[in-house]
Amino acid sequence: TKFVGYPETWPQHNDVIHAFELRMHNITWLDADALKNAELKLHKITKFVGYPETWPQHNGVTLSPDDYYRNVQTLRRESVRMDIAKLGKPTVDEWQMTPQTVNAYYDPSHNSITLPAGILRGTFYNRDAPGALNYGGIGGVLGHELHHSTDDQGSQYDASGALHPIFDKKVQEAFKNRTACVVKTYEAFDVPAPGNKNLTLHVNGHLTLGENLADMGGIAGAYRAYTERLMNDTAFAQSEARITKAFNGTLNNKQLYFVAWAQNWCMHQTLSALESQLASDPHSPGYIRVLGPVSQTPQFAEVFQCKNTTLYNP
């Protein structure tokens, strides 16, 4: 795979990709052709990390220091001009986010994943932090974006980014049938309403399905990557063992992995902002992005010893 951006300072990215591939082999309803196409697509993913190697040029644009509206209109016209200039030309790799953006995305038409510099800091990634934090942070995000390459929308594009499904109708139908329970599960979660304890809200399970699946797959895949590295890297395992002592025995390394995932989605929202998100955003609110995937991950219940039928171990 091409790796574009600043140097590979986060070693776990190959671990997460390998874990994703191994998990695909455990899916019994993927036939040989579907598995072959999914693997080819996975191996051809371009990863943009940090910032672009080349920057877009706007030499013909003149901005005013005191006319914000005119500047916005000027930049919009420039954006349209640049898009029109691409017509009839080969597709080129390009960034759809600025480097300082705290976000990430998978682009099916380019078969690429972008992790801007803005998300490679804070709770998501720190090169000096324990592996549990980085695998649960940026590792989970990478796993999330990988899953978009084969979800209900990403699977409609092949390894080159052409609009050509990688799964035949039989496999697509099997996928659809197995996601019905995810829709029902997420719609059953109660979403706390800020400032109103008497109001109970819910997500739209169909609207948020793709992102919920990516969260579930991302957290499971990155956890597998983390535990396999613990088994195969003695020095890494010894370093991670120090986590329990650092927390005076109240939190071990595998528990810290899930805490790291939860920290990704800490947020405060007004009630109106939450209601707007539930109505239009394909992402679940932060509370559900924690509760949803971890409650459906058996390893979470195992490491935290959650009793059966409790909220986080239903």
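Caption draft 1: Here's a closer look at the overall build of the protein chain. A count of helices and strands for the protein chain gives twelve helices and six strands. For the protein chain, the spread of C-alpha atoms along the principal axes amounts to about 65 × 50 × 45 Å. Looking at the protein chain residue by residue over its 314 residues, the buried ones come to 44%. The long-range fraction of contacts in the protein chain, counting pairs at least 24 apart against all pairs at least 6 apart in sequence, stands at 65%. For the protein chain, the exposed surface amounts to about 17400 Å²; the carbon and sulfur share of it is 53%. Distance between charge centres in the protein chain, computed from 27 positive and 31 negative side chains, equals 2 Å.

Caption draft 2: Region of the structure containing the packing of aromatic side chains. With the rule as written, the count across this model stands at 15 aromatic pairs. Seen in terms of ring centroids, Phe48 and Trp95 are 5.9 Å apart; in terms of plane orientation they differ by 50 degrees. Their pairing is tilted. With Phe48 in strand 2 (residues 46–50) and Trp95 in the loop between helix 3 (68–85) and strand 3 (105–107), this pair connects stretches of sequence that are 47 residues apart. Each member of the pair, Phe48 as well as Trp95, carries the same accessibility label: buried. Relative to Phe236, the ring of Tyr226 lies with its centre 5.9 Å away and its plane at 85 degrees, an arrangement referred to as edge-to-face.

Caption draft 3: Molecular detail of the pairing of strand 2. Extensive coverage of strand 2 is indicated by the burial of five of its five residues. Summarising the sheet, strand 2 and strand 4 (residues 112–116) pair through five bridges and their orientation is parallel. By the bridge assignment for strand 4, Val49 is matched with Leu115.

Caption draft 4: Local environment of the pattern of salt bridges. Across all of its chains, the model carries seven salt bridges by this definition. Across the pair Glu78 and Arg81 runs a salt bridge, and its minimum N-O distance is 2.8 Å. One end of the pair is Glu78 and the other is Arg81, both in helix 3 and three residues apart, which spans about a single turn. For Arg81, a relative accessible area of 46% gives the class partly exposed. The partner of Arg289 in a salt bridge is Asp215, with the nearest N and O atoms 2.9 Å apart. With Arg289 in helix 11 (residues 286–295) and Asp215 in helix 6 (residues 209–232), this residue pair connects regions lying 74 residues apart in the sequence.

Caption draft 5: View of the pairing of strand 4. With five of five residues buried, strand 4 is to be regarded as a mostly interior element. The alternating pattern of strand 4 places Ser112, Thr114 and Pro116 and Ile113 and Leu115 on opposite faces, both of which are buried. With three bridges joining them, strand 3 and strand 4 adopt antiparallel strand pairing. Within the sheet, the bridge partner assigned to Tyr105 lies in strand 4 and is Thr114.

Caption draft 6: How the structure looks around the environment of Thr91. If you trace the backbone, Thr91 turns up in the loop between helix 3 and strand 3. By relative accessible area, which is 63% here, Thr91 ends up exposed. Taking the C-alpha atoms as reference points, Thr91 and Asp151, 60 residues apart in sequence, are found 23 Å from one another.

Caption draft 7: Structural view of the nonpolar core. Ile119, Ile138, Leu146 and Phe258 are the most contacted members of the largest nonpolar core, which totals 47 residues. Counting only elements with at least two residues in this core, the list comes to helix 1 (12–24), helix 2 (32–43), strand 4, helix 4 (131–148), helix 6, helix 9 (253–264), helix 11 and helix 12 (298–304). With residues near it in sequence (within four places) discarded, Ile119 still touches Thr101, Val102, Asn103, Ala104, Phe124, Tyr125, Ile138 and Val141. Residues Val182, Phe189, Val203 and Leu274 belong to the second largest nonpolar core, which totals 15 residues.

Caption draft 8: Up close: the packing of helix 9 against helix 11. Running from N to C, helix 9 and helix 11 point in directions that differ by 145 degrees, and their axes come no closer than 8 Å. Note that helix 9 runs across helix 11; the crossing there is right-handed. Contact residues: helix 9 offers Phe258, Trp261 and Ala262, while helix 11 offers Arg289, Val290, Pro293 and Val294.

Parameters at a glance
- Residues numbered from 1 in each chain as written.
- Predicted model: local features only at pLDDT ≥ 70, side-chain atom pairs only at ≥ 80, totals over all residues.
- Heavy atoms only, no water.
- Helix = DSSP H or I, 4+ residues; strand = E, 2+ residues; numbered from the N terminus.
- Buried < 20%, exposed > 50% of the residue type's maximum accessible area, 1.4 Å probe, protein only.
- Contact = heavy atoms within 4.5 Å.
- Areas by Shrake-Rupley, 256 points an atom, 1.4 Å probe, with all protein chains shown as cover.
- Lys, Arg positive; Asp, Glu negative; His and termini not counted.
- Charge placed at Lys NZ, Arg CZ, Asp CG, Glu CD.
- Phe/Tyr/Trp six-rings, centres within 6.5 Å; stacked < 30°, edge-to-face > 60°.
- Pairing = 2+ DSSP bridges.
- Salt bridge = Lys/Arg side-chain N within 4 Å of Asp/Glu carboxyl O.
- Core = buried A, V, L, I, M, F, W, Y, C linked by side-chain atoms within 4.5 Å.
- Axes fitted to C-alpha atoms, helices over the stretch in contact; angles between N-to-C directions.
- Left-handed = near helix turned anticlockwise from the far one by under 90°.

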